[in-house]
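Notes for the structure review
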Amino acid sequence: GISWGSNAYPAGRMFQRLREGTSSFSMLVRASTLKDDCLFSKLPITYTELRIYRMKNSSPVTKIEDLTGKDLIAIRGYSYGAIGKFFRNPDNGVTFYETDHHESAFDMLRYARAEYLLDYTGPSEEVLAESPISDVTFDVLSRLDVYLVLSKKYPNAAKVLTDLEQIAQTLDVSNWGLKTP
């Protein structure tokens, strides 16, 4: 068997730990910054959604361009891929606020520091379960597959990942509150 433990890290730190090999394993979206240092499962294990949270009286967001000229809160440490490039580009007119924690991001939305908040399904659902906001809703901006990720520095990494993939195929991830891809 493989011994394991669980720790939560901010995204940037988790990526660095995987690159260094100080963390061996995670479940993440396919990140190009890890391709040289990590192996990814062939198939996703689950998926997450990138959501735009807003108060019900704010206009819905169905595509990233709907945020042009708007105020947006996001969590520091995530790149958000092409979506992040869009809202970080000053030519697109998005006033962008970064915060270190999901909780503080939702506090900023609660107190109208900005009209919109970009966050992933899991962390956002945890925050709202603990501290609900009346009249908050969300629009799904994109769905992202989540893969098993193993540091190449882990001993016999390719074989271990193959073994983990075989085990994962026998699991019903919905039992853990995850969505089946």
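For the structure, see preceding data.
All values reported here derive from a predicted model rather than from experimental measurement.

Once that is clear, we can look at the layout of surface pockets. Of the pockets and cavities examined, the second largest pocket occupies roughly 250 Å³. Forming the boundary of the second largest pocket are 16 residues, of which Leu 43, Pro 44, Ile 45, Ala 168 and Gln 169 lie nearest the centre. Residues that form the lining of the second largest pocket fall into these classes: eight nonpolar, five polar and three charged.

Let us now look at the side chain of Glu 49. Inspection of the secondary structure puts Glu 49 in strand β3 (residues 46–55). Of the polar contacts made by the side chain of Glu 49, one reaches the side chain of Arg 51; its length is 2.9 Å.

A cluster of nonpolar side chains, Ile 167, Leu 171 and Trp 176, forms an exposed patch at the surface whose accessible area comes to about 320 Å². Examined against the element boundaries, Ile 167 turns out to sit in helix α5 (residues 157–168). On the basis of relative accessibility, which here comes to 46%, the residue Ile 167 falls in the partly exposed class.

Inspection of the entire model under this criterion finds seven aromatic pairs. Geometrically, the ring pair formed by Tyr 78 and Tyr 120 is tilted, given 5.1 Å between the ring centres and 55 degrees between the ring planes. Here the residue Tyr 78 occupies a position in the loop between β4 (71–75) and α2 (81–88), and Tyr 120 occupies one in strand β6 (residues 116–120), the gap between them amounting to 42 residues. Judged by its relative accessible area of 11%, Tyr 120 falls in the buried class. Among the aromatic residues, those joined into a ring-pair cluster are Tyr 78, Tyr 80, Phe 87, Phe 96 and Tyr 120. The ring of Phe 138 is capped by Arg 51, whose NZ or CZ atom sits 3.8 Å from the centre of that ring. Arg 143 extends its terminal NZ or CZ atom over the ring of Tyr 47, reaching a point 3.7 Å from the ring centre.

Quick look at the nonpolar core now. Counting 29 residues, the largest nonpolar core has Ile 52, Leu 67, Leu 72, Tyr 80, Phe 87, Phe 106 and Leu 118 as its most contacted members. Counting only elements with at least two residues in this core, the list comes to β3, β4, α2, α3 (102–110), β6, α4 (121–130) and β7 (136–151). Ranked by size, the runner-up nonpolar core spans 10 residues in total, among them Phe 15, Leu 18, Ala 31 and Cys 38.

Summed over the entire model, instances satisfying the criterion amount to 11 salt bridges. Salt-bridge contacts for Asp 145 lead to Arg 143; the nearest nitrogen and oxygen are separated by 3.6 Å. According to the relative accessible area criterion, Asp 145 is partly exposed, its value standing at 29%. In this structure Arg 143 comes out as partly exposed when scored by relative accessible area, which is 46%. Shared partners join several salt bridges into a network, and the residues in it are Arg 76, Arg 88, Glu 98 and Asp 100.

As a further point, take unusual backbone geometry. Unusually for a residue other than glycine, Tyr 80 sits at a positive phi of about 65 degrees. Mapping Tyr 80 onto the fold places it in the loop between β4 and α2. The phi torsion at Asn 156 lies on the positive side, around 55 degrees, for a residue other than glycine. Relative to the helices and strands, Asn 156 is located in the loop between β7 and α5. With relative accessibility at 54%, the residue Asn 156 sits in the exposed group.

The rules behind the values
- Residues numbered from 1 in each chain as written.
- Predicted model: local features only at pLDDT ≥ 70, side-chain atom pairs only at ≥ 80, totals over all residues.
- Heavy atoms only, no water.
- 1 Å grid on protein atoms, 1.4 Å probe; cavity = no way out; pocket = protein on both sides within 12 Å on 5 of 7 lines; lining within 4 Å.
- Points joined across faces, edges and corners; volume = space filled by probe spheres on them.
- Nonpolar A, V, L, I, M, F, W, Y, C, P; charged D, E, K, R; others polar.
- Helix = DSSP H or I, 4+ residues; strand = E, 2+ residues; numbered from the N terminus.
- Polar contact = N/O pair within 3.5 Å; in protein donor to acceptor, adjacent residues only side chain to side chain.
- Patch = residues over 30% accessible without salt bridge, like charges linked within 9 Å, V, L, I, M, F, W, Y side chains within 5 Å.
- Areas by Shrake-Rupley, 256 points an atom, 1.4 Å probe, with all protein chains shown as cover.
- Salt bridge = Lys/Arg side-chain N within 4 Å of Asp/Glu carboxyl O.
- Buried < 20%, exposed > 50% of the residue type's maximum accessible area, 1.4 Å probe, protein only.
- Phe/Tyr/Trp six-rings, centres within 6.5 Å; stacked < 30°, edge-to-face > 60°.
- Lys NZ or Arg CZ within 6 Å of the ring centre and 35° of its normal.
- Core = buried A, V, L, I, M, F, W, Y, C linked by side-chain atoms within 4.5 Å.

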